[in-house]
Every structure is written in structure tokens, then in C-alpha cells.
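Reading the structure
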Amino acid sequence: KAGVTQTPRYLIKTRGQQVTLSCSPISGHRSVSWYQQTPGQGLQFLFEYFSETQRNKGNFPGRFSGRQFSNSRSEMNVSTLELGDSALYLCASSGGTGGGGAQYFGPGTRLLVL
Amino acid sequence: GQNIDQPTEMTATEGAIVQINCTYQTSGFNGLFWYQQHAGEAPTFLSYNVLDGLEEKGRFSSFLSRSKGYSYLLLKELQMKDSASYLCAVTTRAGTALIFGKGTTLSVSS
């Protein structure tokens, strides 16, 4: 089975721009979660989607948003980019009952904001 | 609040055994996960504990005590490739939002 894929792998943007990241989960997984990883804060939960509905949301500003499509692929968008948004953005999918159980991570998108 | 603590760094030698501890204080508990993350790579799933006790999987074992809010990851017969960051994470309810500790960087030397 193919793993979680994320595109693009690397991205450079400037302050004020917006960015869209894409994630394709493991086939059959309906839950997709997004995380931000920085050296200072570690891994922090952004949001989780299950069957096209946002089921959980972390403590991030409204500039961070996401959506999930009927094929379980997910996108996250960050508007009005700030320097502090530079991070590794990881997507994880889960296929347990109700979307629980182990989460499997994609390779991540490394975003640099200049 | 949610708090997950683990040591920042540990060192060990090839062939040895190392135990990485994790304590958690969260509003609710549904399960505890351990992930391994090599530098520049994504986290990979190692283990999942829901009930108290020891789960063994090859060279890796994970223990959970829910009453003490405590878990450990035991790595046996250490190899150089085990040098990585080890992340402890908790889910607080039957959803999938993982709350991560800051990770323990393990360095294995020959």
C-alpha cells in the first residue's frame, strides 16, 4: 500500500502571500490530520478532517484553514503568511474505527517564509 | 492544560538497553503513542498503548501506567541507526488529535 504523500515537498514564500499544501492519505483511510513542526514548539496539532468534516481543531489563528475532499485527499491553506509560519507541515492519516488508532505521517512540506 | 514531559537528550552505546520515560498530565486519556523521527524525516509509528502493561514488538517495548500518567519506551540491542528523536504523544479522547511531547534525542555511539 502506498504511504501518505504530500506536495509540494519544499516551498519558499514571502510575507503576506498565501500557500496551499496538499495531502493524499493511505488508501482507505478517512481521517487526515495536519501538524506544524518547529524547533522551538515541536509538533503541534492544527486540525483533523474525517469524511469531509473538520472534527478537531488546534489553537492556531484563523489564517490556517483546511478542507477534505470526497476521496479523502486534504488541503491546508495559510493566508497572509508571517515569518513565524516557517515550519515543516506534516499530514497524517488514520484508518481505525471512526478514524482512530495509529496515525501515519507523510514526508512533510517544508515551508520557508522570507 | 495538557502537559507531556520527556527527557531532552539521552546517550547510549551500541548493544546496550535504553529506557525513555514519558509522563503526561492531560484532560482525558484515550491512548499513548511512540514515534521515531530521524533528522529531516517524518515521524514513523512505533507503538500504541491503551491499557496498562507492556507491549513488545521486536527490539522495542512500550509500557503504560494510566494511574501514574507514565509510559516508557524500551530499546534493546541498540544499533547506530536507532539514533533519532523519540516522540511520546497522547490522544485525550476517541478522536485522533495527537498531543506531542518535545521529543527525546537519542545518540547511539560505538
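Look up: the structure comes first, before these words.
Along every chain, residues carry numbers that run from 1 in the direction the sequence is written. Here every chain gets a letter starting at A, and every ligand a number starting at 1, in the order they are written. Per-residue local features of the predicted model are confined to residues with pLDDT of at least 70, and side-chain atom pairs are confined, for both listing and counting, to 80 or more; whole-chain, interface and lining totals are unaffected and use all residues. Working from all heavy atoms in the structure, the side-chain values ignore hydrogens and water.

As a further point, take the sheet that holds strand β8 (residues 70-75) of chain B. Residue and element names in this part refer to chain B. Pairs of strands are assigned from DSSP output, requiring at least two bridges between the strands. Numbering of helices and strands runs from the N terminus, with a helix taken as a DSSP run of H or I at least four residues long and a strand as a DSSP run of E at least two residues long. A sheet is described by the order of its strands in space; here five strands give the open sequence β1-β3-β8-β7-β6, paired in antiparallel fashion. The open sheet has two edge strands with one neighbour each: β1 (3-5) and β6 (53-57). Ignoring which end each strand starts from, the neighbouring axes of this sheet average 15° apart. Here strand β3 (residues 18-25) runs beside β8; their pairing, made up of six bridges, is antiparallel. Within the sheet, the bridge partner assigned to Gln-19 lies in β8 and is Leu-74. Helix axes are fitted to C-alpha atoms over the stretch in contact, other axes to C-alpha atoms as well, and angles between N-to-C directions run from 0 to 180 degrees.

What follows is about the packing of aromatic side chains. For any two aromatic rings, the description comes down to two numbers: the centre-to-centre distance and the angle of the planes. Residues and elements named next belong to chain A. Stacked, tilted and edge-to-face are the three classes applied to pairs of Phe, Tyr and Trp rings, where Trp contributes its six-membered ring and a pair requires centres within 6.5 Å; stacked means planes under 30 degrees apart, edge-to-face means over 60, and tilted covers the rest. Across all of its chains, the model carries 17 aromatic pairs over all chains by this definition. With 5.6 Å between their ring centres and 50° between their planes, Tyr-35 and Phe-105 make a pair best called tilted. On the criterion of sequence distance, the pair formed by Tyr-35 in strand β4 (residues 31-38) and Phe-105 in strand β10 (residues 104-105) is long-range, its members being 70 residues apart. By the burial criterion, Tyr-35 is buried, and Phe-105 matches it. Aromatic pair Phe-47 and Tyr-49: ring centres 5.7 Å apart, planes at 70°, arrangement edge-to-face. For every residue, the accessible area (1.4 Å probe, protein chains only) is compared with the maximum for its type, and the residue is labelled buried under 20%, exposed over 50%, or partly exposed between those bounds.

With that out of the way, let us pick up the nonpolar core. Put simply, buried Ala, Val, Leu, Ile, Met, Phe, Trp, Tyr and Cys residues joined by side-chain atoms within 4.5 Å make one nonpolar core. Of all hydrophobic cores here, the largest spans 21 residues; its most connected members are Trp-34, Leu-46, Phe-64, Met-76 and Tyr-89 of chain A. When residues of this core are traced back to their parent elements, those giving at least two are β3 (19-24), β4, β5 (42-50), β8 (74-78), β9 (87-94) and β11 (109-113) of chain A. Only heavy atoms matter for contacts: two residues are in contact if any of them lie within 4.5 Å across the pair. Beyond its immediate chain neighbours, meaning those up to four positions away, Tyr-89 of chain A contacts Gln-6, Leu-21, Tyr-35, Gln-36, Leu-46, Phe-64, Met-76, Gly-108, Thr-109 and Leu-111 of chain A. Residues Leu-32, Phe-60, Val-90 and Leu-106 of chain B belong to the second largest nonpolar core, which totals 20 residues.

Another point: the environment of Asp-52 of chain B. Residues and elements named next belong to chain B. When you line up the elements, Asp-52 lands in the loop between β5 (44-49) and β6. Residues Asp-52 and Tyr-70, spaced 18 residues apart in sequence, show a C-alpha to C-alpha distance of 9.8 Å. Leave out the neighbours within four places in its chain, and Asp-52 touches Leu-64, Ser-65 and Arg-66. Two N or O atoms form a polar contact when they lie within 3.5 Å of each other; inside protein one atom must be a possible hydrogen donor and the other a possible acceptor, and for residues adjacent in sequence the pair counts only when both atoms belong to side chains. Within the structure, the side chain of Asp-52 is placed 2.9 Å from the backbone nitrogen of Arg-66, a separation counted as a polar contact.

We now examine the interface of chain A and chain B. Every contact between the two is made by 23 residues of chain A and, on the other side, 15 residues of chain B. When two parts are put together, the accessible area they lose, computed with a 1.4 Å probe and summed over both, is reported as buried area. Between chain A and chain B, the buried area comes to about 1,500 Å², and carbon and sulfur atoms account for 57% of it. The three residues of chain A that bury the most area against chain B are Leu-43, Gln-103 and Phe-105 of chain A, which together make up 33% of that side's buried surface. Should a side-chain nitrogen of Lys or Arg be within 4 Å of a carboxyl oxygen of Asp or Glu, the pair is scored as a salt bridge. Across the chain A-chain B interface, the total number found is zero salt bridges.

Further remarks concern the pairing of strand β11 (residues 104-109) of chain B. Residue and element names in this part refer to chain B. Side-chain alternation along β11 places Thr-104, Leu-106 and Val-108 on a buried face and Thr-105, Ser-107 and Ser-109 on a face that remains uncovered. Where strand β2 (residues 9-13) lies against β11, five bridges are found, and the strand directions are parallel. Its bridge partner being in β11, Glu-9 is matched across the sheet by Thr-105. Across three bridges, the pairing between strand β9 (residues 84-91) and β11 is antiparallel. Within β11, the residue paired with Tyr-86 across the bridge is Thr-104.

Any link to function would need more than the numbers given here.
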